[in-house]
Amino acid sequence: MLLDLSDSYVERNRSSDKKLSTLRGRTVINLFFENSTRTRTSFELAGKRLGADVINMQVSTSSVSKGETLIDTAVTLNAMHLDALVVRHPDSGAVSLLAEKVNCAVINGGDGSHEHPTQALLDALTIRRRKGRLSGLRVAICGDVLHSRVARSNIHLLNIMGAHVRVVAPKTLIPSGIERLGVEVFHDMRAGLKDCDIVMMLRVQTERMQGNFIPSIREFFHFFGLDYAKLEMAKPDALIMHPGPMNRGVEIDSDVADDVERSVIREQVEMGVAVRMAVLEVLTRTEGG
Ligand code: NCD
């Protein structure tokens, strides 16, 4: 399965000889309509370490800014015989729409507030390596759940893997009906973190907020920011996670984020490359025959 294959790449990435030829002759395009640091870089590294040719396309330098539609862009790129297209787009559903128009593998690098599947996979890998399992663990996903594609993908994957998922946030930052995805909802951090094995913090996504979702940053941090006082409620060996980029002092206290005993935030970034290698390998294997 994907996580086992990713595990093998973690070891490979730690060695000095990182380059393989699994995807030699294959072409991967990173098509990013939104800013990204770790997702784009790790897909690029993943492709290159597997021996593929990788091209990065940032929207501002493409003809999308000249008015070409999403579909035209996809069809144009498709004509160049790609093997995989990694797409990030600000609109939910855009990646799936695009996938219908091309013959190559399409990987969702994050679409609007909808999904970010490789983030959920790298989170699962991080947890599994630390805890030895996912099943039966209590995971609290906290903060701006409403705008978070990371939250949605994690809820799906963690549920499939048998974890118990909670979401913890003010009422304004919880999508209505989220219980239907199989989560418990909490509006109080202490209650939500009680006896959790994993505390996953989310970034407050002000760029996706039109209107007032939180009274002030200060108040948000006071009630929902992860600090040592609130962390006390979780299990003593609970892990702290954050997909990045972090707003220190908003959703997470800086000392907590940097706590080498508890925080696995940097490990998540490391796992990201391994997971994306596994995803690229498996999807191009199927597509490419
Ligand atoms: C996330 C994203 O872009 O969805 N970041 C990431 O991929 N590591 C989360 C975020 O932007 O807050």
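The following refers to the structure shown. (Residues numbered from 1 in each chain as written. Predicted model: local features only at pLDDT ≥ 70, side-chain atom pairs only at ≥ 80, totals over all residues. Heavy atoms only, no water.)

## Topic: the packing of aromatic side chains
(1) Moving on: Under the counting rule described, the total for this entry stands at one aromatic pair.
(2) Moving on: Here the guanidinium or amino end of lysine 230 rests over the ring plane of phenylalanine 221, the centre of that ring lying 5.7 Å away. (Phe/Tyr/Trp six-rings, centres within 6.5 Å; stacked < 30°, edge-to-face > 60°. Lys NZ or Arg CZ within 6 Å of the ring centre and 35° of its normal.)

## Remarks on the nonpolar core
(1) Moving on: Core analysis: the biggest nonpolar cluster contains 77 residues, and Ile141 and Leu226 have the highest contact counts within it.
(2) Moving on: A per-element tally of this core places helix H11 (residues 265-288) first, with nine residues.
(3) Moving on: Apart from the residues within four sequence positions on either side, isoleucine 141 is in contact with Ala151, Asn154, Ile155, Leu158, Val165, Arg166, Val167, Val168, Met200 and Leu202.
(4) Moving on: If you look at the next biggest cluster of nonpolar residues, it comprises 15 residues, including Leu31, Leu82, Ala94 and Val102. (Core = buried A, V, L, I, M, F, W, Y, C linked by side-chain atoms within 4.5 Å. Buried < 20%, exposed > 50% of the residue type's maximum accessible area, 1.4 Å probe, protein only. Helix = DSSP H or I, 4+ residues; strand = E, 2+ residues; numbered from the N terminus. Contact = heavy atoms within 4.5 Å.)

## Considering the site of the ligand
(1) Moving on: Close to the ligand lie Arg38, Thr39, Arg88, His116, Gln119, Arg149, Val150, Arg203, Gln205, Pro243, Gly244 and Pro245.
(2) Moving on: The side chain of glutamine 119 places a nitrogen or oxygen atom 3.4 Å from a nitrogen atom of the ligand.
(3) Moving on: Starting from 310 Å² of accessible surface for the ligand in isolation, the protein chains cover 95%.
(4) Moving on: Of all the elements in the fold, those that place two or more residues in the shell around the ligand are helix H2 (38-49) and helix H6 (149-160).
(5) Moving on: Counted by class, the shell around the ligand contains three nonpolar, five polar and four charged residues. (Near = heavy atom within 4 Å. Polar contact = N/O pair within 3.5 Å; in protein donor to acceptor, adjacent residues only side chain to side chain. Areas by Shrake-Rupley, 256 points an atom, 1.4 Å probe, with all protein chains shown as cover. Nonpolar A, V, L, I, M, F, W, Y, C, P; charged D, E, K, R; others polar.)

## Considering the pattern of salt bridges
(1) Moving on: For the coordinates displayed, the defined rule picks out 18 salt bridges.
(2) Moving on: Between arginine 129 and aspartate 7 there is a salt bridge; the shortest N-O distance is 2.5 Å. Residue arginine 129 is located in helix H5 (residues 117-131), and its partner aspartate 7 is located in helix H1 (residues 2-14); the two are separated by 122 residues in the primary sequence.
(3) Moving on: Assessed through its relative accessible area of 30%, arginine 129 is described here as partly exposed. (Salt bridge = Lys/Arg side-chain N within 4 Å of Asp/Glu carboxyl O.)

## A closer look at the pairing of strand S4 (residues 105-111)
(1) Moving on: Extensive coverage of S4 is indicated by the burial of six of its seven residues.
(2) Moving on: Taken together, the five bridges between strand S3 (residues 84-89) and S4 define a ladder with parallel strand orientation. Within the sheet, the bridge partner assigned to leucine 85 lies in S4 and is valine 106.
(3) Moving on: Handedness of the β-α-β unit built from S3, helix H4 (residues 94-99) and S4 comes out right-handed. (Pairing = 2+ DSSP bridges. Right-handed = clockwise from strand over helix to strand, strands pointing away.)

## Topic: the sheet that holds strand S2 (residues 53-58)
(1) Moving on: Taken in spatial order, the four strands make up an open sheet running S2-S1-S3-S4, and their pairing is parallel. The open sheet has two edge strands with one neighbour each: S2 and S4. Across this sheet, the average inter-strand angle for adjacent strands is 15 degrees, counted without regard to direction.
(2) Moving on: In the sheet, strand S1 (residues 27-32) pairs with S2 via six bridges, with the strands oriented parallel. Within the sheet, the bridge partner assigned to valine 28 lies in S2 and is valine 54.
(3) Moving on: Against the sheet, helix H3 (residues 70-78) engages S1, S2 and S3, with an angle of about 165 degrees to S1. (Axes fitted to C-alpha atoms, helices over the stretch in contact; angles between N-to-C directions.)

## As for H2
(1) Moving on: Taking 1.5 Å as the rise per residue, H2 with 12 residues should run 16 Å; its terminal C-alpha atoms sit 16 Å apart, in good agreement.
(2) Moving on: For H2, every residue scored as buried is listed here: Thr39, Arg40, Ser42, Phe43, Glu44, Ala46, Gly47 and Arg49.
(3) Moving on: Following H2 by one or two positions, glycine 51 adopts a phi angle in the positive range, close to 90 degrees. (Expected span 1.5 Å × (residues − 1).)

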